[in-house]
Each structure stands twice: as structure tokens, then as C-alpha cells.
Amino acid sequence: MAESGVVVIKRLDETVVNRIAAGEVIQRPANAVKEMIENCLDAGSTTITVSLKSGGLKMLQISDNGHGIRREDMEIVCERFTTSKLKEFDDLKTIATFGFRGEALASISHVAHLSITSRTKDSKCGYKASYLDGRIKGSPRPTAGNTGTQITVEDLFYNVPTRRKAFKSPSEEHQKIADVMTRYALHNSGKSFTLRKTDGDSGPSGGVSVRTQLGSSFVTNIGTLFGSKVAKEVIEVKHYDTQLQLKTFGYISNANCSMKKFVFLLFINNRLVDCSVLKKSLDSVYQSYLPKGSHPFVYLSLEMPTNNLDVNVHPTKHEVHFLHEDEVVTSVQKQVEASLLSCDSSRTFYMQKLLPTNTSKPTGENTKESTKDTTHPTKDKQLPTRVYDHQLVRTDSKLQKLDSFLLKSKNKVVEEPKIVVKPCANSLINVVNAIYFSSACLYEHIAAEYHSCFKSWACHTTHPQYLLHQFFFRPSTPDDIESHDKTSAGLPRKREIRLTSVLQLQDEVKQKSNKDLCLVLHDHTFVGCVEPELALIQHQTKLHLVNTGRLSEQLFYQILLQDFGNFAIFRLTEAAPIYELAMLGLNSEESGWTPADGSKEKLAKYVVNFLVEKAEMLSDYFCLDITKDGMISGIPMLLKQYNPPLHGLPTFVMRLATEVDWESEKSCFDTVCKEIARFYAVKNNFTDSDIFSEEPVVVETDSEWSPWKQMVEHVVFRALRDVIVPMTMGEDGTFLQLANLPDLYKVFERC
Amino acid sequence: MPSVRVDNVTVFRPQQQNTTAHPTFFQGIYTEVKLTKEVLTKLKVIGQFGNKFIACSVGCTTDSRGMLLLVDQHAAHERVRLESFISDAYESSKRINLKTSKLESKVEINLTKTQTAAVRNHPEVFYTCGLRFDSDLNTEDDLVTVNSIPSLLTTSGTLKETIENLIEERTQALYVNRGVSDSMSPVLFQLLCSKACHGAIRFGDPLALEQCTELLTALSKCDFPFQCAHGRPSVMPLLDLNTLKTKKKRLN
């Protein structure tokens, strides 16, 4: 034969044929698992457990709770071309079960030691049998067992040494099996899947690498199998294409989620398959929405008429052919793109509900750094440390905005249209505000407008605030000051205060200071007002949310102590009767008045008499002018261009009479200062436009220039630079550190 | 004397943290939030933080909660520019064909055999992405003369290279996806991304309040407002204002 060069054609031995065929169906343990899982699912199982030893090469056991195999069938179950699922070739057109070829178990029995334990629902006991090369060894033996089937495969490829040697590591095989299990577990959400490793080194999880619970949803399973990050960002796709009779269902990640590898799970008619065309075209859809080099998670389950699908392409059934491929791909692609665009929410963020407050204890590091900066700038230069972008402070706290110089004229521009608002309750407040912030030259004009406005308003409502009209301010003109105190040079003379009590109070303030927070305030850059009582400021790389109300109260308290007895004065155009103020104060909810306190009229009278008694002292030290007939005619001007919220006046009068300790000198000054400061402090009802108004505000451009914001930014916060922050403010939430640039760089993925 | 209790000064005392610990970001209690496009339309600018971020707030309505947010000014502007570039690049709002411009000096491109076949058999693929060839396709030498290019390309030194990349990429797409992909060519998309990035507001650019508002309004009209052209986030919620408020009230 060798001489003639012609080879003889021989018929192959049957076992060789079977072994070759088996090698095609079962290429690696993962294929065996896939085949057997499909058998389990065909048998209607709801719980499937796979146990592995060295990646399934040594032992692979799969148990289910399906309908089991009848004893009579146990004999031939492992022979080739035996199946319960296909009878005639035409059935292939409408095949709906996974298996149909009758090859899986037969193939396994040709390359491994196979044993099956099975019990049907009606049988009294289970039967166990072992198989070799497609034939049963002996006859089935009765054995104990639950309903269902347990298949044990041992020593896979024991008789195919080359194949066995080709498997590099058991862990790689384990991984491949886990991958198959994961895919089936997700697609069959609601059924329970478990993959267990029974080797010695099972690890902390007890060797369980895949586990889904009975009755769990798709999204829950995506969470357990692919991570909660993905589960939060998946959107459901559901569509039926009537023309192609194509049902699309699945979960895809939205544009906020990206993975290093494209995770693509495709099931066509419940069969796990690959389709490179579909995969590539879906990836290209995502390309324009995802960052470069990252990929989506896509799980799709397509259902099409079974007669459009050819599943019999390859023994592993891994690839399928279907009709109208281009149309199907385009349809799915369109569907995915539409779902992506319709998703209008962002990724999931973790938002702070409560914040840690700044520590009251001086953080050594911080203070050192800042003192270095100020005292030894030259020394620093010797050690040039690189400032990274995320540490770079791009603002200078010493810069002033141009509009801070335009405070008055800017107001004029804003005010004028406001005055012509329709007469209603709000317009009164607008007008009163307008008057607060108007400059003297504008005053007469506004007052006239105001009167006309008020008259029509008064007809509409009987709001207790009507009293306000009686005392808008006349800013103290130079004449006022001249008539009061004048030195020979024509300048107001400053009185020197030598009262021990005041000096002591001043000292106490200085001693109880929190140096860190003083620095924060001193070197801050103003960001903006959230609402009158809350503002954002920047200090170095940090963003703080500060309570303007509390800080301004502290500011006015310190001004009162510092300039004790040396204030300019706001004169009221019409003095305000204390009696009516007290009545208003008692009527307001915040007074907490109860009938047990006595009649309101009586209380109000008492307040009037009491304050008139103290008038001399209040006027001398605090420039709070009270006339003999019980009228307030002037209040101190604590901060230039700052106008206190006047609607606090009734409450202030009540508190001045009741909350102040009038007995000892020191505590009297202390409490009076506190009450005045409380009255002057920035308050949320400063204006009506709270941030919690329902209207959308982006379009309202003028709201950004509202006068209170101007005043808070340019008057209050400028003065706050020099305020001494008391210790307690480190802990009580006056300062909240919201963010730090390095952390923000991480969140915004900058580098 | 009646006891008149007036509490109009609010005290906010959050849970005492370990005072020795350095206060850091991401401490405290967190809540999961997803932002919606609707929230973006309601943003109110507070101010600019560090010339890098725009701090803004959103009021609480029945369906959303009050919160503070930070917007990355560069990322936001990049997104706004990208989406306007994309819609400008197409001839019509249906987004099928890209706008095309005639070249003053035509460009000759050497093709591979596959590319030649693609150009000859599927001219529509190249037509949609704005390329026009002179009709006398030289199949012998595999040479093609480009007379028009997509308008979004600029006649820079790398033009020839870009056209070559574009033809190659479209040819590949034709063979891999069988030409079913109708989204914009990645080559052109990347160009738009980098164009969007380069001209956008940078970190360190001071913005006036009006500019911030304008930017946020434009951002809220985008299809994908929550990420920049490169997929980084553009908006981040910072603080739940409702909790802050309720906490205050309870303590009062």
C-alpha cells in the first residue's frame, strides 16, 4: 500500500466514531454543564445545583428537582440518538425544547464515568445506574432520592489524554462554568441556581460562586450576578415587532454605566447563543453615549417564530441561523437606542443627608499651613512643592467684585420696576424692602409710590403688618449727626467706654474664639446665598455651608460691644408706638401667649411702662430712642448699608421687656446686646422669595439680583471677615463642610 | 411677668461626630438619589465655587426634594457644545445624511481592494456620512478622488488621514455590521468630542451669574445632560436640604 502511494479507505470503529462525535459536543466541562442545565430546564426543574471538583474535570455533579427519568428509560438514556423531545425530522421546525438530538448524555458517557440517580414523582423510590460508552453497566439499582435527577460525571476525558492535558488550570474551567451558569441563572430568573465548589479550598463563601434565589426578579439577579452598580442603572426593553413577529425583551445598562468588557447575554428562543453581528451593532450604538474604551451590559431575550430559526448549525447549538437577520438586527438596534434616549435620569449618586460639623479643636495641620503662608512666604519658596490641579485654589479671597461698588445704583435699577407691582399683600413687602435698600436720594420718590400702593392694599387685607407703614426709615442724614455730637473738627466724637462690665464682655468674646473658623471667615470667598439664612463660602479648597442668621447675630453682638455707646442712628419718620408693637408681638404665634398670662392689653401696657423707664439707658448706650409717651423713634445703625428686618420689631419689643436681665450691670448689657443682635440678624423671612417657592426660577433672571442677596454678600459677609467666631459654632452646625476639591475631582472623574 | 417664649433663631445640631476625627467629605448619612432631566429645569444658581463648579439649588416640590447640587462647568459646557455640534452636522433634523462641503482642492486617496469594492458596491454608506467621490472610480489603481467632505471636518493638515480613517472605518462597519449601523461614524464622533472639549469653558474661568444660568438652561435641554462628551458626570447632588430643614424644625 505504501509502495503504490494509495491509501486504503477503512470503516472506522464505532467507539472511535462516538468518541470523535463526543469530543465535538463536549469540548470542555462548561459544554457538559450547559447541555445538562438545558436538560434540567426541559424537565421543568425550579432548583438546579451544580457541584464541581477541580473545575469539573475530576467531578461534576448536577442535581435538579425536575420530573425525573422513568426506570424503563434508564436503560437507553445514554445511547446515542435517544431523546424524548424529537420524534420526526419535521419537528425540528417547531422545536421549543433545548435538547433534540439525543446526543448530550451519550457523548458524556463516551468520555467520562457517568452515573445517574433519578426518581419520578409517581415512583416509590429512586434508581441509580452507571454508564459506559453509551451503555448501561448492569441494571438500575433502587436507591433513596428526592424527585428529580442527579447526574454525576467523573474523570472527564479520562480516555482522551491529549484533550485532558490541554486544560491548563481547573480554576479557568471553573470560571467558564460559572459564566454559563450566570447566564442561565439570569435568563431563568425565578428559578434557583447554585454553583458550588467542593474542593478543599472552598474559601469564605463556602465555595458558592453563583447563587440565585427562587422567585427573584431580573433586576435582583442582575444585582447578585453582575454587581449592584449595574443593577441600579439597567432599563427594561420590551417590544414586539409585528412585521418580523419578533418579541424583544431584556435589560440594558443606560448611558451612566460603563464596564471594561462588553457583557452581552443573548438568548434566542430561550437558547443561549452568540450573534456577532448583533453584538457589534449594539456596541456601536453605545459608542456615542459611553466614554471611550468602556462598554455596556446587555441582556436580551429574543423570541421569533421557530420556523425562522435554524438551531441545528452546530452540535453545541452555540450558533444559530435565523431568517431576516439584517432586519432583526436593525429592529433590535433601534429599540435599544430608543430606550437609551428615553431614560432621563442620571446615575445614582450618594447624597449627604447629614453632615459632620467642623471640629472645634484646632486641627494642627491647618493652622500650621496657614501661618506658614502668611509669616514665612520666603521660606516656602526654598521648598517648592508641586501644587496639583485638584489642590489649586483658583480664587482670591481678597478680590472684590465690581458690583460691590455699585451696590446703590444697582439697587436703583432693580427697585424701580418693583414699585409698580400690582397692589397686593406681596407688593407691600416689596415696597418696604425697596425702601430698606434705597439710597437717600431715592427715598422721597419711593415713599410717594409706597403710599399710593399701600392705600389700595389696605383695602384688600387686614393683615396685622399694616402697622409697618408708620415707621419706615429716614437714613440719618449728616445733619442728624452734626446736631448730636460734634467735635471742633466737625467730626463725630467717639466716646471712650471704660465700663468694666463692657470690657469684660469684650474680653470674653476674644477668649472664646475658634481660630480655625475665624481664619475660614477671614479668608473666605463668597459663593452665593442658598436662602437668606444659608450661604455657601469657599475657603481654600473647601466649600462650607454657613448659617448666615447665626453668624450675623454674632456679628451684631460683637459690634454692639465694640462700639458700645457710639452708634449712628436710624430715625423713624414716624415714631412707632410700643403699645401697638407689643400687641402685635403678643398676637403672633411665636410669643406663645396663653390666657393664663393675663390679658394682652394689660401686658402690653406693662411693657410700655417698663421700657419707658429704661429709656434713658437704652438711648445713651444703644442709641435706641424711646420717647416719654412710649414710642420708638430711633434705632442704632450697627452696620452701614445694612437695614434690619423690621418685621421683627414687635417680637423684639416683647423680648426686650421680658428676656433681659435688668438686675446686674454686666448681664444686663450682655442680654440687651443679644436681643438687639437677634433682632438685627439676617432672617429667612427677609423677603418673600424663599428658595422653596414652587415656581421654576431659572428663567427669573432678576431674582439673582434681589436686594437681599446683594446686602448679604456685600455688606454682611464683608463685615463677617473680622468677626470672632465663638468656640460653640464649631459644633452647632453653623459651619458645615460640604465638599473638598480633591474629593470633588474624584466624583467628577477628573485627574 | 408672663413668660414670652420666642424662638425664631434656629439651632441645628447634627449628631455629634467624633470631634478628634478630621471632618471629611463622605462622612455622615447618605441617601441614594437619581437626578432627572426635570430637576435640571428647576435649578437656581447660587454661585460659582472655586471658579470650577457652579453651586445651585432646587426647591422641594411634590415630586422632588430640595437639594444642593454642584455642576462641573467644563463638563456641562462640553455636553452642550457636543449636542449642538451633532445637530448642526446633519442636513435635517431626521439625522440621516451629514452636511457636506465641496473641497477647493480635491484629495486623492489610495484605497485597498476591500475599500474599492465597498465604494463601488455601497456608495450610499459613504454618501450618508458626507463623502462625495468623483464618479470615475479607478478600479485598476484603486484610486479615488474625494471632492466633498463632511462639513464638520476642517481642512487641516491631517485631513487626508482623517478621510482615510473614515473610509476604512465605514468599510469595516459594512463588513462587520453589514451596514446596518445608522449612528454617526466613531471617527467623526471623536472629532466632535474633542472639538466640544477644546472650546468649552475651562476650570478657572470666572462666570457671572447670568452666564451660569444660561449654561444650566442649555444643559437642561440636552439629551444626555448628566455626562460630558467623555462620559464623566457633569452634575452631582451635594446635600439634601429637606433633611436639614426637618432636623432644624425638630430641634426647635
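Numbering of residues begins from 1 in every chain and follows the order in which that chain's sequence is written. All chains are assigned letters beginning with A, and all ligands numbers beginning with 1, in the order in which they are written. Confidence filtering applies because this is a predicted model: local features only for residues at pLDDT of at least 70, side-chain atom pairs given and counted only at 80 or more, and all residues used for totals across whole chains, interfaces and linings. Side-chain metrics rest on all non-hydrogen atoms present in the structure, leaving aside hydrogens and water.

Participant: I would appreciate a short explanation of the overall build of chain A in the present structure.
Facilitator: Helical segments are the DSSP runs of H or I of at least four residues, strand segments are the runs of E of at least two, and each set is numbered from the N terminus. Each helix and strand counted, chain A has 25 helices and 24 strands in total. Any residue under 20% of the maximum accessible area for its type is buried, any over 50% is exposed, and the rest in between are partly exposed; the area is computed with a 1.4 Å probe on protein chains only. Out of the 751 residues in chain A, the part that is buried amounts to 53%. Contacts: residue pairs with any heavy atoms within 4.5 Å of one another. Look at the contacts in chain A between residues 6 or more apart in sequence, and 72% of them connect residues 24 or more apart. Carbon and sulfur atoms make up 53% of the accessible area of chain A, which totals about 35,800 Å². Note on areas: Shrake-Rupley with a 1.4 Å probe; residue coverage comes only from the protein chains shown.

Participant: Please clarify how the packing of helix α21 (residues 615-622) of chain A against helix α23 (residues 665-680) of chain A should be interpreted in this entry.
Facilitator: Relative placement of two packed helices is described by the angle separating their axes and the distance separating the axes. Residue and element names in this part refer to chain A. Remark: α21 packs on α23, axes separated minimally by 12 Å, with the N-to-C direction vectors making an angle of 70°. Judged by the inter-axis angle, α21 sits roughly perpendicular to α23. Where α21 abuts α23, its residues Met-617, Leu-618, Tyr-621 and Phe-622 lie against Cys-668, Phe-669, Val-672, Cys-673 and Ile-676. Among the residues forming the contact of α21 with α23, the class breakdown is nine nonpolar, no polar and no charged. Axis definition: a line fitted to C-alpha atoms, limited for helices to the stretch in contact. Angles are taken between N-to-C directions and run from 0 to 180 degrees. Note on terminology: angles under 35 degrees are roughly parallel, angles over 145 are roughly antiparallel, angles of 65 to 115 are roughly perpendicular, and the others are oblique. Any residue that is not Ala, Val, Leu, Ile, Met, Phe, Trp, Tyr, Cys, Pro, Asp, Glu, Lys or Arg is counted as polar, Gly included; the first ten are nonpolar and the last four charged.

Participant: So what exactly am I meant to see when it comes to the domain arrangement of chain A here?
Facilitator: Interfaces are often sized by the accessible area lost when the parts come together. Domain ranges listed in this record stem from an automatic or a database domain assignment. Domain parsing of chain A yields domain 1 (14-200), domain 2 (218-340) and domain 3 (497-567 + 638-645 + 682-690 + 705-750). One C-alpha centre belongs to domain 1 of chain A, the other to domain 3 of chain A, and the line joining them spans 74 Å.

Participant: Quick question: what am I supposed to make of the packing of aromatic side chains here?
Facilitator: Any pair of aromatic rings gets described here by the distance separating the centres and the angle formed by the planes. Stacked, tilted and edge-to-face are the three classes applied to pairs of Phe, Tyr and Trp rings, where Trp contributes its six-membered ring and a pair requires centres within 6.5 Å; stacked means planes under 30 degrees apart, edge-to-face means over 60, and tilted covers the rest. Counted by the stated rule, this structure contains 26 aromatic pairs over all chains. On the basis of an interplanar angle of 85° and a centroid distance of 5.7 Å, the ring pair of Phe-249 of chain A and Tyr-251 of chain A is categorised as edge-to-face. The exposure class assigned to Tyr-251 of chain A is buried, which follows from its relative accessible area of 9%. Judged by centre distance (5.9 Å) and plane angle (65°), the ring pair of Phe-126 of chain B and Phe-133 of chain B falls under edge-to-face. A residue is classified by how much of its surface remains accessible, and Phe-126 of chain B, at 1% relative accessible area, is buried. A connected cluster of aromatic rings, assembled from ring pairs, spans Tyr-184, Phe-218, Phe-249, Tyr-251, Phe-267 and Tyr-299 of chain A. A cation sits over an aromatic face here: Arg-132 of chain B above Tyr-127 of chain B, 3.7 Å from the ring centre. Criterion for a charge above a ring: Lys NZ or Arg CZ within 6 Å of the ring centre, and within 35 degrees of the ring normal.

Participant: Would you take a moment to explain the side chain of Asn-254 of chain A for this structure?
Facilitator: Residues and elements named next belong to chain A. You can see Asn-254 is positioned in the loop between β10 (246-253) and β11 (263-268). On the basis of relative accessible area, Asn-254 is assigned to the buried category, the value being 2%. In contact with Asn-254, other than residues within four places in its own chain, are Glu-233, Ile-235, Leu-290, Leu-340 and Cys-343.

Participant: Quick question: what am I supposed to make of the pairing of strand β24 (residues 735-740) of chain A here?
Facilitator: Remark: a regular strand shows side chains that alternate across the two faces of the sheet. All names here are of chain A. Most of β24 is tucked away, with six of its six residues classed as buried. As defined by bridge partners, strand β20 (residues 542-547) adjoins β24 across five bridges and the pair is classed as antiparallel. Looking across to β24, one finds that Leu-543 is bridged to Ala-739. Being paired, for any two strands, means DSSP has found at least two bridges between them.

Participant: When you look at the confidence of the model for chain B in this model, what are you seeing that I'm missing?
Facilitator: As a general rule, the predicted coordinates of low-pLDDT regions are not to be interpreted in detail. All names here are of chain B. Across chain B, pLDDT averages 77, with 77% of residues at or above 70. Residue-level confidence of the predictor is summarised by pLDDT, bounded by 0 at the bottom and 100 at the top. Predicted confidence in chain B is weakest over helix α8 (residues 241-251), with a mean pLDDT of 62, and strongest over helix α2 (residues 73-89), with 92. Considering only residues more than four positions removed or in separate chains, one finds that residues 1-27, a stretch of pLDDT under 50, has 86 contacts. Predicted complex, confidence summary: ipTM 0.75, pTM 0.70.

Participant: Can you walk me through the packing of helix α20 (residues 600-613) of chain A against helix α22 (residues 649-658) of chain A in this structure?
Facilitator: Residues and elements named next belong to chain A. Closest axis-to-axis distance for the α20/α22 pair is 10 Å, and the angle between their directions is 70°. For the element pair α20 / α22, the angle class is roughly perpendicular. At the point where α20 passes α22, the crossing takes the left-handed sense. On α22, the residues that touch Val-607, Phe-610 and Leu-611 of α20 are Val-653, Met-654, Leu-656 and Ala-657. Looking at the contact of α20 with α22, its residues break down into seven nonpolar, no polar and no charged. For any helix crossing, the convention is left-handed if the near helix is rotated counterclockwise from the far helix by under a right angle, and right-handed if that rotation is clockwise.

Participant: Looking at this structure, how should I read the sheet that holds strand β19 (residues 534-539) of chain A?
Facilitator: Picture the strands of a sheet paired through backbone hydrogen bonds; they go either parallel or antiparallel. All names here are of chain A. Spatially, the four strands line up as an open sheet ordered β18-β19-β20-β24, and their pairing is antiparallel. The two strands at the open ends of the sheet, each matched to only one other strand, are β18 (525-531) and β24. Within the sheet, the average angular offset between the axes of one strand and its neighbour, ignoring direction, is 25°. Pairing geometry for β19 and β20, over six bridges, is antiparallel. Of the residues in β20, the one forming a bridge with Leu-536 is Leu-545. On the sheet, helix α17 (residues 515-522) packs against β19, β20 and β24 and is oriented at approximately 95° with respect to β19. Sheet strands touched by helix α24 (residues 707-720): β18, β19 and β20. Its angle to β18, the strand with the most contacts, is close to 140°.

Participant: Help me understand the side chain of Gln-73 of chain B in this model?
Facilitator: Residue and element names in this part refer to chain B. Its place among the elements puts Gln-73 in helix α2. Overall, Gln-73 belongs to the buried group, its relative accessible area being 0%. We define a polar contact as two N or O atoms separated by no more than 3.5 Å, with the added condition that, inside protein, one atom must be a possible hydrogen donor and the other a possible acceptor, whereas residues neighbouring each other in sequence contribute only through side-chain atom pairs. Side-chain polar atoms of Gln-73 contact the backbone oxygen of Arg-202, separated by 2.8 Å. Sequence-distant contacts of Gln-73, that is, excluding residues within four places in its chain, are made with Gln-48, Asn-51, Lys-52, Phe-53, Ile-54, Ile-201, Arg-202, Phe-203, Gly-204, Asp-205, Leu-207 and Leu-215.

Participant: Help me understand the pattern of salt bridges in this model?
Facilitator: Opposite charge on two side chains makes pairing possible when the charged atoms of those side chains draw close. All names here are of chain A. Here, a salt bridge means any side-chain nitrogen of Lys or Arg that lies within 4 Å of a carboxyl oxygen of Asp or Glu. Counted by the stated rule, this structure contains 17 salt bridges over all chains. Put simply, Lys-666 and Glu-508 hold a salt bridge, and the shortest N to O gap is 2.7 Å. Of this pair, Lys-666 sits in helix α23 while Glu-508 is found in helix α16 (residues 500-511), placing the two residues 158 residues apart along the sequence. You can call Lys-666 partly exposed: its relative accessible area is 29%. Of the residues examined, Glu-508 reaches a relative accessible area of 29% and is grouped as partly exposed. As a salt-bridge pair, Arg-655 and Glu-659 come within 3.9 Å of each other at their nearest N and O atoms.

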